[in-house]
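Listed below are the residues making up each chain.
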Amino acid sequence: MFRPKKTEFKGNTTLQPEKVGNKAAAYLQALRPRQWTKNLIVFAAPLFAFSLNGQSWLGSLLAFVLFCCASSSFYLFNDIADVESDRQHPVKCKRPIAAGEIAIPVAILMAIVLLGGAIGVGWWRSPNLGVTIIAYGILQVAYNLRLKRTVILDVVAIATGFILRAFAGAAATGIVLSPWFLLCTAMLALFLGIEKRKAELRWLQIKGGKTRAVLKRYSLPLLIRMESTVTTGAVLTYALWSSGPQLNGASTPWMMLTLPFVLYGIFRYQLLSDPQEIARKSDASIEKGGQTERPEEVLLKDFPLLMTVIAWAIASFGILWLKSQGLIQ
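Everything numeric here is computed off the predicted structure, so don't read it as measured data. (Residues numbered from 1 in each chain as written. Predicted model: local features only at pLDDT ≥ 70, side-chain atom pairs only at ≥ 80, totals over all residues. Heavy atoms only, no water.)

With that out of the way, let us pick up the overall build of the protein. Summing up its helical and strand segments, the protein has 14 helices and 0 strands in all. Going from N to C terminus, the protein has its helices and strands arranged as α-α-α-α-α-α-α-α-α-α-α-α-α-α. A sequence separation of at least 24 residues applies to 68% of the contacts in the protein between residues at least 6 apart. Summed over all atoms, the accessible surface of the protein reaches about 17,800 Å², with 66% contributed by carbon and sulfur. (Helix = DSSP H or I, 4+ residues; strand = E, 2+ residues; numbered from the N terminus. Contact = heavy atoms within 4.5 Å. Areas by Shrake-Rupley, 256 points an atom, 1.4 Å probe, with all protein chains shown as cover.)

Listed below in structure tokens is the structure:
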């Protein structure tokens, strides 16, 4: 009886589940989700305005998602532009594009879709939101082409990025921002940028090697003086905002009770970026340049600072609830 031979397939025509999972993880890693914590500031507008209804939160959530898409698109563009140098770097060579896990044409398409989609959806929600995302895009282009190598303007550009995020939260919800809120946001953003440069400079002094060219124009005494100025500004503007409606600030002066949390959070952050504190860290921590070299990771790694933010949020919501019940003015 004739029996046909069974055909043997040498290869596997389908992707294994673990390969699909690895590919998805590579795409997610290329978007740098850890950096998305910076975009949480879009929720500040409804929170500081005490507009905590569902519509405000949905608008802020949309702004958060759109800024995550926009910022990730520029992370992809940067990794594409720096692919050759990243491949020579002991750490950056593991990035998905530099490691060859994501093809450059695919990365370009991802970046265009993310940025174009963020602008389009943002404009559909509100022309002001669309313009804010476009302004953020222009800022990123200017920062990467020039500003990140220009002393002082590099820190100002970082701060402007945070201010644009705050504007996005307001634009998505239709909230009119208090001038004290804007000034406080600007001061805190400058503070974060200065702390980042201070930690990077300390890392350079400890480990040596190649780093940002702009750090050659900075010194620790200069950064400490700049830090002192913006810290004072941040505390004063927050205090004026929390003083209440008489100064066109918060809707209740009871928000002054949250000032100690802000003070502790700022002082804690300064501790983490202090040169002597960095020097006391273990060798592994020093190799990372200190925790405040990446401000977006501090909130996730430093437990006291995280608890301070949570305590501030609980106190703020508690004051808001008491006011809504007519128990306080």
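After presenting the structure, the write-up continues.
What follows deals with the packing of aromatic side chains. Under the counting rule described, the total for this entry stands at 7 aromatic pairs. Measuring from ring centre to ring centre gives 5.6 Å for Phe43 and Trp57, while their planes differ by 35°; the resulting arrangement is tilted. Within this pair, whereas Phe43 is found in the loop between helix H1 (17–30) and helix H2 (44–48), its partner Trp57 is found in helix H3 (residues 54–81), the two being separated by 14 residues in sequence. With a relative accessible area of 28%, Trp57 lands in the partly exposed category. A connected cluster of aromatic rings, assembled from ring pairs, spans Phe67, Phe74, Phe77 and Tyr136. Above the face of the Phe162 ring, Arg165 is positioned so that its terminal group lies 5.3 Å from the ring centre. (Phe/Tyr/Trp six-rings, centres within 6.5 Å; stacked < 30°, edge-to-face > 60°. Buried < 20%, exposed > 50% of the residue type's maximum accessible area, 1.4 Å probe, protein only. Lys NZ or Arg CZ within 6 Å of the ring centre and 35° of its normal.)

In terms of nonpolar packing, the biggest core is built from 65 residues, with Phe48, Leu129, Ile133, Tyr218, Tyr238 and Met255 touching the most fellow members. At 11 residues, helix H7 (residues 153–173) tops the list of elements feeding residues into this core. Not counting residues up to four positions away in its chain, the partners in contact with Met255 are Phe50, Tyr238, Trp241, Ser242, Ala250, Ser316 and Ile319. (Core = buried A, V, L, I, M, F, W, Y, C linked by side-chain atoms within 4.5 Å.)

As a further point, take the environment of Tyr75. Positionally, Tyr75 belongs in helix H3. Taking the C-alpha atoms as reference points, Tyr75 and Gln140, separated by 65 residues in sequence, lie 9.9 Å from one another.

A few words now on the state of the cysteines. All chains considered together, the criterion is met by 0 disulfides. Cys68 supplies the cysteine sulfur nearest to Cys69, a cysteine that is in no disulfide, at a spacing of 7.0 Å. (Disulfide = S-S within 2.5 Å.)

This brings us to the packing of helix H9 (residues 220–242) against helix H10 (residues 259–273). How two helices sit against one another is set out by the angle between their axes and by the gap between those axes. Axis separation between H9 and H10 bottoms out at 10 Å; the angle between their running directions is 165°. Relative to H10, H9 is oriented roughly antiparallel. Pair H9 / H10 crosses with right-handed handedness. Residues Glu227, Thr231, Ala234, Val235, Tyr238 and Ala239 of H9 lie in contact with H10, whose contacting residues are Leu259, Val262, Leu263, Ile266, Gln270 and Ser273. (Axes fitted to C-alpha atoms, helices over the stretch in contact; angles between N-to-C directions. Parallel < 35°, antiparallel > 145°, perpendicular 65-115°, else oblique. Left-handed = near helix turned anticlockwise from the far one by under 90°.)

Take unusual backbone geometry next. Residue Ile152 is not a glycine yet carries a positive backbone phi of 70°. For Ile152, the position within the fold is in the loop between helix H6 (127–145) and H7. Among the residues examined, Ile152 registers a relative accessible area of 45% and is labelled partly exposed. One non-glycine residue, Asn248, lies in positive phi territory at about 60°. Structurally, the position occupied by Asn248 is in the loop between H9 and H10.

Taken together, the side chains of Trp123, Val131, Ile134 and Ile138 present a nonpolar region at the surface, about 380 Å² in accessible area. You can see Ile138 is positioned in helix H6. The exposed category is assigned to Ile138, whose relative accessible area is 57%. (Patch = residues over 30% accessible without salt bridge, like charges linked within 9 Å, V, L, I, M, F, W, Y side chains within 5 Å. Salt bridge = Lys/Arg side-chain N within 4 Å of Asp/Glu carboxyl O.)

Once that is clear, we can look at H7. If you check H7, its first and last C-alpha atoms are 30 Å apart, about what 21 residues at 1.5 Å a residue would give, namely 30 Å. Positive phi shows up at Gly174, right after H7, with a value of about 75°. (Expected span 1.5 Å × (residues − 1).)

This paragraph deals with the UniProt feature "transmembrane region" (unreviewed entry) in the protein. With numbering matched to this structure, UniProt assigns "transmembrane region" (unreviewed entry) to residues 58–77, 98–123, 129–145, 152–171, 177–194, 222–241, 253–271 and 303–322. What you have in residues 177–194 is 89% helix and 0% strand, and the ends, taken at the C-alpha atoms, are 25 Å apart. (UniProt positions renumbered as here; feature names shortened; annotations may be inferred.)

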